[in-house]
Each structure stands twice: as structure tokens, then as C-alpha cells.
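Coordinates in review
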Amino acid sequence: MRPESDISGDAAGHGADGQAAHQPSGRELSGFKEYDKRTNGFARRTLTIISGWTLADSRNLQLDIVRHAAVSGLPSAIFCPRLSGCEIAVRIMSAETDVPMKVLLADGGLDEDERGLCDAFCSLCEHMPLYVNSERSITLDSIMDACRRLKRTVDLKLVALHRIDVIADNSGCELGKVLDRLASFADEIDIAVIVTSEMERGRVRIDGRRPLLFHLRNSDSVCQYADTVLIAHRPGLYNDKTDPNETELILAKHPWLSPCTFNLMLKPEYSKFTDQ
């Protein structure tokens, strides 16, 4: 794992031989078994949008997908103007080692076994083909230039953009225009693009009702340009009859599947979702 700007000649081979044989050709798996079984993961040359009533849920889901891709040896990049590189590193380390984030962040909080796990993961990170850019003012043009460079040097496969609304504002563009360009860009350089986008605010969100496509902000543009739309929903946040960590992963739009739901479980102490 390294800053996106830190690309050297020796990085060019990372991930090329590490791609697992079980990866479907031209597709990147999510790491969630039932989802991958039904969908075969994310096709390259497509745009996927992740959303949810809670922004943290869409962030964690996106990081899970990127983490799984990078650990599997697939060159991946994440652009996150509202997350620091340090925070991303801690979240990924917690998710991979099952050492709680609060322990990682505490002074002297690690026991001997936990320290060994973290040391081993740090060694893995040195070779993990994940490139991070957390520049707060990054624009879409800058992101595209960086991705073209990564495509040439490491054969980039998957790109994640966290908070596409912020990137659109930084670029001085309407969200629909940004999504249109990203959809074309994914096809141009043969990558899977995964972005997080917000839901509409208001009474519906407060009620916590099951989100639908039209609850997404700029839903018309989302429906027009996104190939796949995933919505993370935790009903237990809004009623006391359900575990608040039980999560419905709603497949709201897909190129060939009808809308359906997959059951996940949030592990908040590790900043990740797992299969239920």
C-alpha cells in the first residue's frame, strides 16, 4: 500500500502474477461469497455506485471491496478527499488482522500476538498493489491522469472514489457529468470503477425505511450512468427488534439480475462487513 504519487519502475510487476486463478476473466470479486456467486463480482469497463442512509456504511463496504482486491494481488487505487491515508491504513489493518481499531490507535495497546499479526500485515502491505490518494482538493481530471499512469505502470484493474459529491464539487461539475465521464473512462482504460454517493436527506432517512433507487441523490443521473447500484441498509438502526449490525446489501440495479438482497454483518470494531 503506497501513496498514488509514489509509483516507480519496480511497481510495474506487482499484482500481475498474484491474480488468483479463481478470479473470473475481466471481473473483480467483492470478497462476499453469496454476492460473488450470484454476480461474479464487478466487471471491468463498468461503473458501480454504493450508497446507504449511513455514509460510514458505504465507506466501509467500499473499503472492503478495495481491500479484498488488493490483498488478492489486483492493482487497485482509492481516491478519498475526506479520509486520510493514515485512517485508511488503520481501517484496512484492523479488518485484515481482526485487531480492533481502538487497540491499534491506543498507545501500547497491542499484546504480543496482536503485534505479530500487525507486523506480518505491514510486511504484506509493502507489496500490496493498493495506491491511495487522499488529497482534499483532488479533481476528476487529476484522478483520470493518475489512473492512466497507474494503468501504464501496474496495469490498474479497480478504482474506488469515495464521496463522488465532493470530487464533483472540486471539479466544478454537476454529478451527472462526472458520472458520465467516469462511465466512459472505465471503458476507455478497461477498469472497474466503484464510487460512493449520498442518499437524499429528509424524513425518509429519519424514518429509516428501506431505501430504493429513487432515494439516491441525483437518482436520475445514477440510474442513467451506473451499471450497478448497491445500497447498504441496517434496519436495526431504526428499530429495537433487529441487531443494529445486521445489514441488507441491496442490489438495486444490475445489468442482468433483478433487484435482490444479500445478508451481511457489520463488525464495527474492525471497520468491516462479513458474510452473515
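Structure's up top.
Residues numbered from 1 in each chain as written. Predicted model: local features only at pLDDT ≥ 70, side-chain atom pairs only at ≥ 80, totals over all residues. Heavy atoms only, no water.

**Considerations on the packing of helix α6 (residues 140–154) against helix α8 (residues 175–189)**
Relative to each other, α6 and α8 sit at 10°, their axes nearing to 12 Å. Regarding the angle of α6 to α8, the classification is roughly parallel. Facing α6, whose interface residues are L140, D141, M144, C147, R148 and K151, α8 presents V178, R181, L182, F185, E188 and I189. (Axes fitted to C-alpha atoms, helices over the stretch in contact; angles between N-to-C directions. Helix = DSSP H or I, 4+ residues; strand = E, 2+ residues; numbered from the N terminus. Parallel < 35°, antiparallel > 145°, perpendicular 65-115°, else oblique. Contact = heavy atoms within 4.5 Å.)

**Focus on the pairing of strand β9 (residues 228–233)**
Judged by how many residues are buried, β9 sits mostly within the fold: 6 of 6 residues are covered. Residue alternation in β9 divides its side chains into two sets, T228, L230 and A232 and V229, I231 and H233, and both sets are buried. Summarising the sheet, β9 and strand β10 (residues 246–253) pair through 5 bridges and their orientation is antiparallel. Bridge assignment links V229 to a residue of β10, and that residue is K253. (Buried < 20%, exposed > 50% of the residue type's maximum accessible area, 1.4 Å probe, protein only. Pairing = 2+ DSSP bridges.)

**Let's talk about the side chain of D57**
Locating D57 in the fold gives a position in helix α2 (residues 55–71). The contacts of D57, once residues within four sequence positions are left out, are A232, R234, L266 and F273.

**Topic: the environment of L110**
Relative to the helices and strands, L110 is located in the loop between α4 (101–105) and α5 (112–125). As for L110 and P100, which are separated by 10 residues in sequence, their C-alpha atoms are 9.9 Å apart.

**Describing the nonpolar core**
Counting 38 residues, the largest nonpolar core has L161, I164, L182 and V195 as its most contacted members. Among all residues touching V195, those that are not within four sequence positions of it are L47, T48, I49, I50, Q62, L161, I164, L179 and L182. The next biggest cluster of nonpolar side chains, apart from the first, holds 32 residues, and it includes I65, A69, C80 and L158. (Core = buried A, V, L, I, M, F, W, Y, C linked by side-chain atoms within 4.5 Å.)

**A short note on α8**
Compared with the 21 Å implied by 1.5 Å per residue over 15 residues, the 21 Å span of α8 between its first and last C-alpha is a close match. All buried positions along α8 are accounted for by L175, G176, V178, L179, L182, F185, A186 and I189. The secondary structure elements touched by the buried residues of α8 are β4 (46–52), α6, β7 (158–161), α7 (164–171), β8 (192–196) and α10 (219–225). Phi for D190, located one or two positions after α8, is positive at around 60°. (Expected span 1.5 Å × (residues − 1).)

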